[in-house]
Amino acid sequence: MAKDVIIALDFDSKEKTLAFLDLFTEEKPFVKIGMELYYAEGPEIVRAIKARGHKIFLDLKLHDIPNTVKKSMAVLSGLDVDMTNLHASGTKAMMEAALEGLTRPDGTRPMLIAVTQLTSTSQERMTNDLLIEKPLDEVVLHYAKCAAESGLAGVVCSPLEAGKVHEVCGNDFVTVTPGVRFAGGEVGDQVRVTTPEKARELGSDYIVVGRPITAAEDPVAAYRRCVKEFLG
Ligand code: C5P
């Protein structure tokens, strides 16, 4: 199974993003484009980064009725991204429709992964606001199982959940994990963090790393350190 480090391009403009990518003269990192950059620059930013030879995880977390998600995924698949995602809480019907929309006429498609419960959702918020009374970890695993049964390739989760997800959904079901920090580094607003090395030990397939690389004095060196620690 492919393992890789994905850099979260959490910038608000094309200029800042391309200036950051210009620092990488030797390698072409796998990158994540999220809502901020996509809403600021539109699909053109995806084409521009793809044209530079990067693999792209388009992190737009779709959640709507199945027909709308299916048609939107068909548009995204035309952007030739490598990975994209949706909310598993949209139900299996939505996930199956998404997969259909994403599949190109030749049968290929970007990897489709699901968000289970956002890491910002605590047990208390889930119980009180969403009226879901089961334990949070059980809900996360159930959503992962639904995603696997719908034919999705994997889930976004904490590295701390990666082992359990693999146990329930199999080792080929990929875990894409944010919340990664270097030992002794700034934690920022992340609460439960692990190092790249620990994420590997816990079974993460892809780690998503933002500020430890984008805000580093030497982002290329930070990226290389991350790859070295994660891939061993
Ligand atoms: O800067 P940092 O390494 O915290 O960035 C992590 C990236 O992963 C951000 O783009 C953030 O939105 C995303 N993410 C996350 N936690 C989730 C899902 C996505 O941190 N549960």
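Below you will find a few notes about this structure. (Residues numbered from 1 in each chain as written. Predicted model: local features only at pLDDT ≥ 70, side-chain atom pairs only at ≥ 80, totals over all residues. Heavy atoms only, no water.)

This brings us to the overall build of the chain. Each helix and strand counted, the chain has eleven helices and eight strands in total. Relative to the 2.2 N^0.38 estimate, which gives 17 Å for 232 residues, the radius of gyration of the chain is 17 Å and therefore close to what a compact globule would have. Considering only C-alpha atoms, the chain reaches an extent of 45 × 40 × 35 Å along its principal axes. Pairs at least 24 apart in sequence give 66% of the contacts found in the chain among residues at least 6 apart. (Helix = DSSP H or I, 4+ residues; strand = E, 2+ residues; numbered from the N terminus. Rg over C-alpha atoms; globule rule 2.2 N^0.38 Å. Contact = heavy atoms within 4.5 Å.)

One can find R225 in helix α11 (residues 219-231). Expressed as a C-alpha distance, the spacing of R225 and E44, which sit 181 residues apart in the sequence, is 31 Å.

Summed over all chains, the structure comprises zero disulfides. For the unlinked cysteine C157, the closest cysteine sulfur is that of C169, found at 9.5 Å. (Disulfide = S-S within 2.5 Å.)

With that settled, consider the pairing of strand β3 (residues 56-62). Every other side chain in a regular strand lies on the same face of the sheet, so the side chains alternate between the two faces. Here β3 lies mainly inside the structure; six of its seven residues are buried. Here four bridges tie strand β2 (residues 30-34) to β3, and the two strands are oriented parallel to one another. When the sheet's bridge partners are listed, K32 is paired in β3 with F57. Relative to strand β4 (residues 83-87), β3 runs parallel, the two sharing three bridges. The residue bridging L58 from the neighbouring strand is T84, located in β4. In this fold, β3 hands off to helix α4 (residues 66-77), which returns the chain to β4; that crossover is right-handed. (Buried < 20%, exposed > 50% of the residue type's maximum accessible area, 1.4 Å probe, protein only. Pairing = 2+ DSSP bridges. Right-handed = clockwise from strand over helix to strand, strands pointing away.)

Let's shift gears to the site of the ligand. Lining the immediate environment of the ligand, one finds A8, D10, K32, T119, P178, R181, Q190, V208, V209, G210, R211 and P212. Between the ligand and the protein, one listed contact pairs an oxygen atom with a side-chain N or O atom of K32 at 2.9 Å. Contacts to the ligand include R211, whose side-chain N or O atom sits 2.7 Å from an oxygen atom. Contact with the protein chains covers 81% of the free accessible surface of the ligand, which is 470 Å². Of all the secondary-structure elements, those providing two or more residues to the shell around the ligand are β8 (206-209) and α10 (211-214). In terms of residue class, the shell around the ligand is built from five nonpolar, three polar and four charged. (Near = heavy atom within 4 Å. Polar contact = N/O pair within 3.5 Å; in protein donor to acceptor, adjacent residues only side chain to side chain. Areas by Shrake-Rupley, 256 points an atom, 1.4 Å probe, with all protein chains shown as cover. Nonpolar A, V, L, I, M, F, W, Y, C, P; charged D, E, K, R; others polar.)

So, about the packing of aromatic side chains. Within the structure shown, the criterion is met by five aromatic pairs. Measuring from ring centre to ring centre gives 5.4 Å for F20 and F24, while their planes differ by 65°; the resulting arrangement is edge-to-face. The pair F20 / F24 is uniform in exposure class, with both members buried. When the ring of Y38 is compared with that of Y39, the centres are 6.4 Å apart and the planes differ by 65°; the resulting orientation is edge-to-face. The exposure class of Y38 is buried, given its relative accessible area of 15%. In this structure Y39 comes out as exposed when scored by relative accessible area, which is 60%. Clustering of aromatic rings is evident, with ring pairs tying together F11, F20, F24 and Y223. (Phe/Tyr/Trp six-rings, centres within 6.5 Å; stacked < 30°, edge-to-face > 60°.)

As summarised here, the arrangement of the eight strands in space is β1-β2-β3-β4-β5-β6-β7-β8, forming a closed barrel in which the pairing is parallel. In this sheet, neighbouring strand axes are inclined to one another by 25° on average, regardless of whether the strands run parallel or antiparallel. As paired strands, strand β6 (residues 154-156) and strand β7 (residues 174-177) are joined by three bridges and run parallel to one another. Considered in β7, the bridge of V155 is made with T175. (Axes fitted to C-alpha atoms, helices over the stretch in contact; angles between N-to-C directions.)

Once that is clear, we can look at the pattern of salt bridges. A full pass over the atoms with the stated rule returns 15 salt bridges. Residue K50 is joined to D82 by a salt bridge in which the shortest nitrogen-to-oxygen separation is 2.7 Å. You can see K50 sitting in helix α3 (residues 43-51) and its partner D82 sitting in the loop between α4 and β4, a full 32 residues away along the chain. Residue classification places K50 among the partly exposed residues on the basis of a relative accessible area of 22%. Its salt-bridge partner being E149, residue K145 comes within 3.7 Å of it at the nearest N-O pair. Residue K145 and its partner E149 are both found in helix α7 (residues 136-149); the two are separated by four residues, about one turn of the helix. Here K145 falls in the partly exposed class, since its relative accessible area comes to 40%. (Salt bridge = Lys/Arg side-chain N within 4 Å of Asp/Glu carboxyl O.)

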